[in-house]
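A closer look at the structure
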Amino acid sequence: MNTQTAKAVPALPDAQTVTSVQHWTDRLFSFRVTRPASLRFRSGEFVMIGLMGDPHPETGKQKPLLRAYSIASPSWDEELEFYSIKVQDGPLTSRLQHIQPGDEIILRPKPVGTLVHDALLPGKRIWFFATGTGFAPFASLLRDPETYEKFEEVIITHTCRDVAELEYSRKLIDDLLNDEMMQELIGAEQLAKIRYYPTTTREQSPKMGRITTLLEDGTIFRDLGIDGISVGTDRAMVCGSLGLNTDIKVILEGFGLEEGANSDPKHYVVEKAFVG
Ligand code: A2P
């Protein structure tokens, strides 16, 4: 005899609740979710997040639709923040862009990644090179006291198509520099080490051009009053499109820097930003 009258809806595996959502442009948004109590991660790492896919037309079964997302919040934060592109026909982000506070997302609590301090040898100056949503891991690292304990100077470059797309990084750095809690946590003197270098490629702004061009023609060094990049003092982390990553690698290696990994720390590390 079957005593089951109604089937319980299975709980979403690894579900976390959305606590806030902010839309920055029609292509970009950020959101915060609850953090699993057991989740420990190093600032700069990524996790797989997503939503349940549509039911299979014949079996009705649903599979999770997951993508790698850098955690944009620092490791000490009680919630998790993510910064995402909206791709109108992207399988995940076409839906993810509609999440609201109270909704649930799937989050696999297995953080990994190469944009971590452990993958770099000690140095004096660290360069964070970001394009588009590639700023996310640096949103985490810039809010982590370890960054300032390890380096005397922190240069963050962010290149986007237009000025509106720079708003997330501009506001985050502005808040960092002016927020009393952040000043207490990281130290006002430590925060003064940050040098923010935003550039645009498709709209007029105070500094225009791809970061690769500005490095190759020396503009960024003249603007910042720096001689150049040297293997003795400089370390770098890169996060952007495949093209950007490939092009910057060539430039950094031209300065003599070598690519590091968790198991083999060296002078620079690279990771691809989430794209779809
Ligand atoms: P561009 O406008 O010249 O393509 P996207 O929004 O497509 O992810 O791009 C973010 C930023 O990264 C844009 O400003 C874009 O410049 C720049 N970009 C894309 N590819 C490269 C590359 N290979 N080298 C340097 N910058 C790049």
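**Some points on the layout of surface pockets**
The space that makes up the largest pocket amounts to roughly 600 Å³. Thr131, Gly132, Thr159, Arg161 and Ser241 are the residues nearest the centre of the largest pocket, which is lined by 25 residues in total. Of all the secondary-structure elements, those providing two or more residues to the lining of the largest pocket are strand S8 (153-160), helix H7 (211-216) and helix H9 (242-254). Residue contributions to the lining of the largest pocket peak at 3 residues, all from H9. Of the residues assigned to the lining of the largest pocket, the class counts are 9 nonpolar, 10 polar and 6 charged. By volume, the second largest pocket is sized at about 380 Å³. In terms of lining, the second largest pocket is formed by 20 residues, of which the most central are Arg32, Glu81, Arg143, Leu172 and Asp175. Secondary-structure elements contributing two or more residues to the lining of the second largest pocket are strand S1 (15-23), strand S2 (28-34), helix H4 (167-178) and helix H5 (180-186).

**Side note on the packing of aromatic side chains**
To describe a pair of aromatic rings, you give the distance between the ring centres and the angle between the ring planes. Counting across every chain of the model gives 10 aromatic pairs. With a centroid separation of 5.9 Å and an interplanar angle of 85 degrees, the aromatic rings of Trp127 and Phe221 are classed as edge-to-face. With a gap of 94 residues between them, Trp127 in strand S7 (residues 125-131) and Phe221 in helix H8 (residues 219-224) connect regions that are remote in the sequence. Take Trp127 and Phe221: they sit in the same class, and that class is buried. Consider the rings of Phe221 and Phe255, whose centres lie 5.9 Å apart with planes at 85 degrees: the pair is edge-to-face. Of this pair, Phe221 sits in helix H8 while Phe255 sits in the loop between H9 and strand S11 (268-272), placing them 34 residues apart in sequence.

**Some thoughts on the site of the ligand**
With respect to spatial proximity, 13 residues lie near the ligand, and among them Arg27, Arg161, Thr201, Arg202 and Arg210 are the closest. Separating an oxygen atom of the ligand from a side-chain N or O atom of Arg202 is a distance of 2.7 Å. A distance of 2.9 Å separates an oxygen atom of the ligand from a polar side-chain atom of Arg210. Placement of the ligand is best described as lying within the largest pocket.

**Some points on the sheet that holds strand S5 (residues 79-85)**
The 6 strands lie next to each other as S4-S3-S6-S1-S2-S5, forming an open sheet whose pairing is antiparallel. Only two strands of the sheet have a single neighbouring strand rather than two, namely strand S4 (64-70) and S5. With strand direction ignored, the average angle separating the axes of adjacent strands in the sheet is 40 degrees. Of the pairings in the sheet, the one linking S1 to strand S6 (residues 104-112) comprises 3 bridges and is antiparallel in character. Pairing of Gln16 across the sheet is with Ile105, part of S6.

**A few points about H9**
The end-to-end C-alpha distance of H9, which contains 13 residues, comes to 19 Å, matching closely the 18 Å that a straight helix rising 1.5 Å per residue would cover. Within H9, the full set of buried residues consists of Leu244, Asn245, Ile248, Ile251 and Leu252. One face of H9 carries all of its buried residues, which in axial projection span an arc of 130 degrees. In this structure, H9 carries Leu242, Val250 and Gly254 as exposed residues pointing more than 90 degrees from its buried face. Against S7, H7, strand S10 (234-240) and S11 lie the buried residues of H9.

**Regarding the nonpolar core**
Note that soluble globular proteins tend to have their nonpolar side chains buried in a common cluster. Ranked by internal contacts, the top residues of the largest apolar core, which has 53 residues, are Phe82, Phe135, Phe138 and Leu142. Beyond its immediate chain neighbours, meaning those up to four positions away, Phe138 contacts Leu115, Phe128, Phe129, Ala130, Ile156, Met237, Val238 and Cys239. Counting 21 residues, the second-largest nonpolar core is a separate cluster that includes Trp127, Leu214, Leu215 and Ile229.

**Quick look at a nonpolar patch on the surface**
Residues Trp76, Met181 and Leu185 make up a contiguous nonpolar surface patch of roughly 280 Å² in combined accessible area. Structurally, the position occupied by Leu185 is in helix H5. The exposure class of Leu185 is partly exposed, given its relative accessible area of 38%.

**Some words on the environment of Gly256**
Mapped onto the secondary structure, Gly256 falls in the loop between H9 and S11. Put simply, Gly256 and His267 are 11 residues apart on the chain and 9.0 Å apart in space, counted from C-alpha to C-alpha. Sequence-distant contacts of Gly256, defined by excluding residues within four places in its chain, comprise Val231 and His267.

Rules behind the numbers
- Residues numbered from 1 in each chain as written.
- Predicted model: local features only at pLDDT ≥ 70, side-chain atom pairs only at ≥ 80, totals over all residues.
- Heavy atoms only, no water.
- 1 Å grid on protein atoms, 1.4 Å probe; cavity = no way out; pocket = protein on both sides within 12 Å on 5 of 7 lines; lining within 4 Å.
- Points joined across faces, edges and corners; volume = space filled by probe spheres on them.
- Helix = DSSP H or I, 4+ residues; strand = E, 2+ residues; numbered from the N terminus.
- Nonpolar A, V, L, I, M, F, W, Y, C, P; charged D, E, K, R; others polar.
- Phe/Tyr/Trp six-rings, centres within 6.5 Å; stacked < 30°, edge-to-face > 60°.
- Buried < 20%, exposed > 50% of the residue type's maximum accessible area, 1.4 Å probe, protein only.
- Near = heavy atom within 4 Å.
- Polar contact = N/O pair within 3.5 Å; in protein donor to acceptor, adjacent residues only side chain to side chain.
- Sits in = over half its atoms within 2 Å of the grid points.
- Pairing = 2+ DSSP bridges.
- Axes fitted to C-alpha atoms, helices over the stretch in contact; angles between N-to-C directions.
- Expected span 1.5 Å × (residues − 1).
- Arc of directions from axis to C-beta.
- Contact = heavy atoms within 4.5 Å.
- Core = buried A, V, L, I, M, F, W, Y, C linked by side-chain atoms within 4.5 Å.
- Patch = residues over 30% accessible without salt bridge, like charges linked within 9 Å, V, L, I, M, F, W, Y side chains within 5 Å.
- Areas by Shrake-Rupley, 256 points an atom, 1.4 Å probe, with all protein chains shown as cover.
- Salt bridge = Lys/Arg side-chain N within 4 Å of Asp/Glu carboxyl O.

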